[in-house]
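Structure assessment
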Amino acid sequence: MKIITIAAMLAAAALTAPPAAAQQAPGPLRITLEQGVIEPLPIAIPTFVAEDAGAEAIVAELTQVVTDDLVNSGLFRAIPADAFISRVASFDAPVAYADWKAINAQALVTAGVATRGDGAVTVRFRLHDVFSDGEVGEGLQFAGTTTELRRLGHKIADEIYSRLTGEAGYFDSRVVFVSETGPKNARLKRLAIMDYDGANVRYLTDDSSIVLAPRFSPRGDRVLYTSYASGFPEVYLLDVGSVTSQPLGDGSSTMSFAPRFAPDGNTVVYSLSSGGNTDLYTLDLATGARQRLTSAPSIETAPSYSPDGSQIVFESDRTGIPQIYVMPASGGEARRISSGEGRYGTPVWSPRGDLIAFTKQNAGRFHIGAMRTDGSDERLLTASFLDEGPTWAPNGRVIMFTRETQGEDGAPDLWSVDVTGRNLRRVSTPAFASDPSWSPLLP
Amino acid sequence: MRPMIAATLAAATLLSACTNPTGFGPGSGAAGAPGAQGVAGGIVPGSASDPASAAYFQQTVGDRVLFAVDQSTLSGEARTALTRQARWLQQNPGFTAVIEGHADEQGTREYNLALGARRAAAAQEFLVSQGIASSRLRTVTYGKERPLEICSSEACYAQNRRAVTVLAGGVGSV
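Looking at an unreviewed UniProt entry, one finds chain B named Peptidoglycan-associated lipoprotein and attributed to Hasllibacter halocynthiae. Under the UniProt heading Sequence similarities (unreviewed entry), the entry covering chain B gives this text: "Belongs to the Pal lipoprotein family." Turning to chain B, the UniProt record has this under Subcellular location (unreviewed entry): "Cell outer membrane".

As recorded in an unreviewed UniProt entry, chain A goes by Tol-Pal system protein TolB and comes from Hasllibacter halocynthiae. Here is the UniProt Subunit (unreviewed entry) comment for chain A, exactly as written: "The Tol-Pal system is composed of five core proteins: the inner membrane proteins TolA, TolQ and TolR, the periplasmic protein TolB and the outer membrane protein Pal. They form a network linking the inner and outer membranes and the peptidoglycan layer." The UniProt entry for chain A carries the following text under Subcellular location (unreviewed entry): "Periplasm".

Below, the structure written as structure tokens:
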């Protein structure tokens with residue numbers, strides 16, 4: 001309910017009558033993501049122009065959010081403000097491109113911010129290609145509220161990312177994860193949700209029972225997770241808006257875990273353990289109908305749908321060592337796609353459909369990796385004592401995962417890495433954190 | 001003297017078990033931590049000196065079996081331990097048990113949950129083969145969520161790859 005309201009207020013509208021320069025042929029400014037960006041693009045983001053007293057109080061934070069998003073993507077380098085020659089005093093004044101060329105800014109962001117007494121915020125923004133003396137795309141106007149200021153910033157940063165890369169952004173998104181406290185042999189776990197950058201952490205459960213591996217619904221409005229609230233691992237469904245949850249099971253003497261939504265948002269695939277054997281099942285949330293997808297004496301777990309819903313990638317140890325398999329979404333014959341040395345687990349299909357991220361364990365180390373959906377072109381992106389549980393950014397360009405350190409004080413944190421293997425960084429959380437699941441872009 | 005106490009305890013256990021419709025207590029995440037019973041001289045009901053107590057089962061009979069890396073096969077040592085557990089459970093029919101399966105930290109969360117389920121089931125099946133009614137036994141997997149030892153080397157991992165029989169319903173059960 002709340003999310004819908006926000007979405008309505010964050011509407012973007014093209015600014016009318018862009019200046020003449022913007023109508024020229026598009027400049028050469030373009031970031032190509034395929035091979036990974038080695039040299040970040042120099043960008044100048046002068047503090048947005050406050051057009052009234054209310055805006056004075058928020059322009060610094062808003063500018064910072066946009067700057068942090070772009071810089072942390074690894075694609076941009078923000079030119080420090082003390083190098084600026086020009087001051088942007090008015091959003092509507094002509095841009096002195098020569099001054100920005102002189103400090104080698106290839107891109108320039110200008111924005112004007114206006115507020116109203118009721119908390120409404122309007123941001124007009126333009127993206128400039130400094131060396132072609134013009135704009136990249138048209139001016140845009142974003143409307144939001146002071147309470148959702150960071151989302152406004154993420155929306156603007158997504159727009160800039162999208163215009164310069166030609167791909168959708170990922171900044172206006174959330175991550176649901178497990179927040180952890182306490183010693184290694186008595187960890188307390190609770191579900192939490194936050195902005196993708198670690199801001200606005202909110203807890204969804206208390207820490208009275210173990211919770212594991214939350215997974216967003218395709219629209220980001222619900223979360224599947226595993227809880228020990230009954231004393232046994234069982235899959236629950238949580239409504240993010242009302243923060244209420246209920247078990248999916250029928251209370252029979254089985255254990256269920258590793259749930260994930262199908263792209264239709266109605267079917268759930270998960271693992272069910274009975275008599276020591278773990279197989280894959282689906283549950284239709286609307287009808288309650290349960291279907292068994294695998295029946296082998298081996299372990300079948302960690303299922304993930306292809307974006308078109310036609311296939312499921314999962315982990316099985318049917319050969320004796322955990323490997324990755326793909327089968328039709330209705331079950332049936334599975335083909336193994338992992339072929340390298342070591343053990344493979346937790347495969348996750350990219351939202352673009354082109355790659356499968358996975359956890360690999362080999363020679364005493366853990367890796368996050370990605371391979372094509374036929375298993376070819378395997379790439380290991382990380383290496384550490386324990387990396388596991390990848391989740392894709394909504395644009396399929398960044399992977400977030402759990403990294404746990406070694407030893408008696410060992411503890412987990414969230415990290416992210418580009419699918420190219422570049423730009424490895426820790427995601428700041430208030431406590432230990434594990435099992436991230438990235439939402440789609442917010443509406 | 002001793003059998004009488006045991007019989008009394010068993011009866012009490014049955015009564016208390018009746019108040020719990022499923023016959024199963026909640027799984028104890030801290031299972032395996034040594035009980036804190038003060039053992040002094042004579043038999044204190046429910047304490048480790050009481051052969052019909054959960055504490056006795058845990059400390060003297062032995063409540064756990066260990067597994068090799070990635071395995072759920074019972075070793076000879078494990079079978080001996082489970083045979084002792086079965087004999088005790090036969091002598092103390094008022095108790096039910098939850099068998100917890102655990103894994104070490106090597107491996108993904110999901111795989112370790114499945115592996116813990118296998119280990120718990122292996123212990124359960126052996127106890128059933130020794131004549132314990134399956135209705136008295138339930139299994140739960142904790143995967144790698146509840147390590148007993150916290151170092152990151154084989155010395156600790158070996159202790160963490162375990163199936164622990166946690167009694168429920170008995171006097172003095174933890």
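1. A short note on the pairing of strand β12 (residues 211-216) of chain A
Residues and elements named next belong to chain A. The element β12 is extensively covered by neighbouring structure, given that six of its six residues are classed as buried. Looking at chain direction, β12 and strand β13 (residues 222-227) are connected through four bridges and run antiparallel. Directly across from Arg215, in β13, lies its bridge partner Leu224. Taken together, β12 and the strand that follows it, β13, pair antiparallel across an intervening segment of five residues, in which Gly220 is found at a positive phi of about 80°.

2. Some thoughts on the layout of surface pockets
Residues and elements named next belong to chain A. Space inside the largest pocket adds up to approximately 530 Å³. Lining the largest pocket are 24 residues; nearest its centre among them are Phe216, Pro218, Trp349, Pro351 and Trp438. If you list the elements that add at least two residues to the lining of the largest pocket, you get β12, β16 (255-261), β20 (300-305), β24 (343-349), β28 (387-392) and β32 (432-438).

3. Quick word on the domain arrangement of chain A
All names here are of chain A. Each assigned domain of chain A is listed with its residue range as follows: domain 1 (2-165) and domain 2 (174-438). The C-alpha-based centres of domain 1 and domain 2 are spaced at 35 Å. Of the residues lining the interface, 16 residues belong to domain 1; the matching set on domain 2 comes to 13 residues. Regarding the contact of domain 1 and domain 2, the summed buried area is about 1,200 Å², with carbon and sulfur atoms giving 42% of it. The interface formed by domain 1 and domain 2 includes one salt bridge.

4. Points about the packing of aromatic side chains
Residue and element names in this part refer to chain A. Counted according to the given criterion, the structure contains 16 aromatic pairs over all chains. With 5.7 Å between their ring centres and 50° between their planes, Phe171 and Tyr196 make a pair best called tilted. Of this pair, Phe171 sits in the loop between α5 (149-165) and β9 (174-181) while Tyr196 sits in the loop between β10 (188-195) and β11 (202-203), placing them 25 residues apart in sequence. Taken individually, Phe171 and Tyr196 each receive the classification buried, so the pair is uniform in this respect.

5. Notes on the interface of chain A and chain B
Facing 44 residues of chain A, the contacting portion of chain B comprises 31 residues. Taken together, the two surfaces of chain A and chain B that pack against each other cover about 3,200 Å², and 57% of this comes from carbon and sulfur. In this structure, the connection of chain A to chain B is made through seven salt bridges. Among the salt bridges present, the one from B:Glu105 reaches A:Lys184, with a minimum N-O distance of 3.0 Å. Viewed at the interface, chain B and chain A are joined by 13 residue pairs in polar contact (both at pLDDT 80 or more). Those elements that place two or more of their residues in the side of chain A that touches chain B are β12, β16, β20, β24, β25 (355-362) and β32 of chain A. Here the residues of the side of chain A that touches chain B are counted per class, giving 17 nonpolar, 17 polar and 10 charged.

Reading the values: rules and limits
- The written sequence of each chain sets the order in which its residues are numbered from 1.
- Ligands are numbered from 1 and chains lettered from A, in the order in which they are written.
- Where local features are concerned, this predicted model is filtered to residues with pLDDT of at least 70; where side-chain atom pairs are given and counted, the filter is 80 or more; whole-chain, interface and lining totals use all residues.
- For side-chain calculations, the full set of non-hydrogen atoms in the structure is used, while hydrogens and water are omitted.
- UniProt positions are given in the numbering used here, feature names are shortened, and annotations may be inferred rather than shown by experiment.
- Classification of residues uses two cut-offs on accessible area relative to the type maximum, computed with a 1.4 Å probe and protein chains only: under 20% is buried, over 50% is exposed, and between them is partly exposed.
- Where helices and strands are cited, they refer to DSSP runs of H or I of at least four residues and of E of at least two residues respectively, numbered from the N terminus.
- Two strands pair if DSSP finds at least two bridges between them.
- The rule is simple: put a 1 Å grid over the protein atoms alone, call a set of points where a 1.4 Å probe fits but cannot get out a cavity, call an open set with protein on both sides within 12 Å along at least five of seven lines a pocket, and count a residue as lining if it has an atom within 4 Å of a point.
- Grid points are joined across faces, edges and corners, and a volume is the space filled by probe spheres set on the points.
- For the domain bounds, the source is a domain assignment made automatically or taken from a database.
- A contact between two residues is defined here by any heavy atoms of the two lying within 4.5 Å.
- When two parts are put together, the accessible area they lose, computed with a 1.4 Å probe and summed over both, is reported as buried area.
- What counts as a salt bridge is simple: a side-chain nitrogen of Lys or Arg found within 4 Å of a carboxyl oxygen of Asp or Glu.
- Any two rings among Phe, Tyr and Trp, with Trp reduced to its six-membered ring, count as a pair given centres within 6.5 Å; such a pair is stacked if its planes are under 30 degrees apart, edge-to-face if over 60, and tilted if neither.
- We call two N or O atoms a polar contact when they sit within 3.5 Å, provided that within protein one can donate a hydrogen and the other can accept it, with sequence-adjacent residues counted only if both atoms are side-chain atoms.
- The residue classification treats Ala, Val, Leu, Ile, Met, Phe, Trp, Tyr, Cys and Pro as nonpolar and Asp, Glu, Lys and Arg as charged. All others, Gly included, are polar.

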